[in-house]
Amino acid sequence: MTIQELETQVLTLNLADKAKLISILTQNLTNGSLGIKKTPGVCGGDACVGNTRIQVWVLVGYRRLGCSDAELFKCYPHLTAADLVNAWAYADAYPEEIEQAIKDNEEA
């Protein structure tokens, strides 16, 4: 399969499948990135970066406040570029989940 053929197929995927593909590629390229995980009983079961307790919705919230990726790396020095790619891909694939988590946090 050529890159052009692969690109054509990737463009037909839905957002959730594209996010999964990005996660797979990122893990392959970064040798051990843990992607995004949802663990019952950890951070309310919210989607978190790898084995951290950094919730995706928190990162999205910071981004909405104008924080750059560079600023997020300063706040969370153990995050990698792959972690943020995974977080942004997850947020794009599951916008309703992220919006609900932000809303729930604002109401708390």
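Residues numbered from 1 in each chain as written. Predicted model: local features only at pLDDT ≥ 70, side-chain atom pairs only at ≥ 80, totals over all residues. Heavy atoms only, no water.

Time to look at the packing of helix 5 (residues 81-93) against helix 6 (residues 95-107). Where helix 5 meets helix 6, the closest approach of the two axes is 5 Å, and the angle between their N-to-C directions is 100°. As summarised for this structure, helix 5 and helix 6 are arranged roughly perpendicular, according to the angle between their axes. Of helix 6, the residues touching helix 5 (which contributes Tyr 90, Ala 91, Asp 92 and Ala 93) are Pro 95, Glu 97 and Ile 98. (Axes fitted to C-alpha atoms, helices over the stretch in contact; angles between N-to-C directions. Helix = DSSP H or I, 4+ residues; strand = E, 2+ residues; numbered from the N terminus. Parallel < 35°, antiparallel > 145°, perpendicular 65-115°, else oblique. Contact = heavy atoms within 4.5 Å.)

With that settled, consider the nonpolar core. In terms of nonpolar packing, the biggest core is built from 19 residues, with Val 56, Leu 59, Val 60, Leu 79, Trp 88 and Ile 98 touching the most fellow members. Every element with two or more residues in this core is listed here: strand 2 (47-49), helix 3 (56-64), helix 5 and helix 6. Ignoring any residue separated from it by four or fewer positions in sequence, one finds Trp 88 in contact with Leu 59, Val 60, Arg 63, Asp 69 and Leu 72. (Core = buried A, V, L, I, M, F, W, Y, C linked by side-chain atoms within 4.5 Å. Buried < 20%, exposed > 50% of the residue type's maximum accessible area, 1.4 Å probe, protein only.)

By the secondary structure assignment, Gln 55 is in the loop between strand 2 and helix 3. Among the polar contacts made by the side chain of Gln 55, one reaches the main-chain carbonyl oxygen of Cys 43 at a distance of 3.4 Å. (Polar contact = N/O pair within 3.5 Å; in protein donor to acceptor, adjacent residues only side chain to side chain.)

In this section: helix 6. End to end, helix 6 covers 18 Å across 13 residues, agreeing with the expected 18 Å (1.5 Å per residue, within 8%). Listed in full, the buried residues belonging to helix 6 are Ile 98, Ala 101 and Ile 102. Down the axis of helix 6, the buried side of the element spans an arc of 95°, and every buried residue falls inside it. More than 90 degrees from the buried face of helix 6, the exposed residues found are Glu 96 and Glu 107. At its buried positions, helix 6 is contacted by helix 3 and helix 5. (Expected span 1.5 Å × (residues − 1). Arc of directions from axis to C-beta.)

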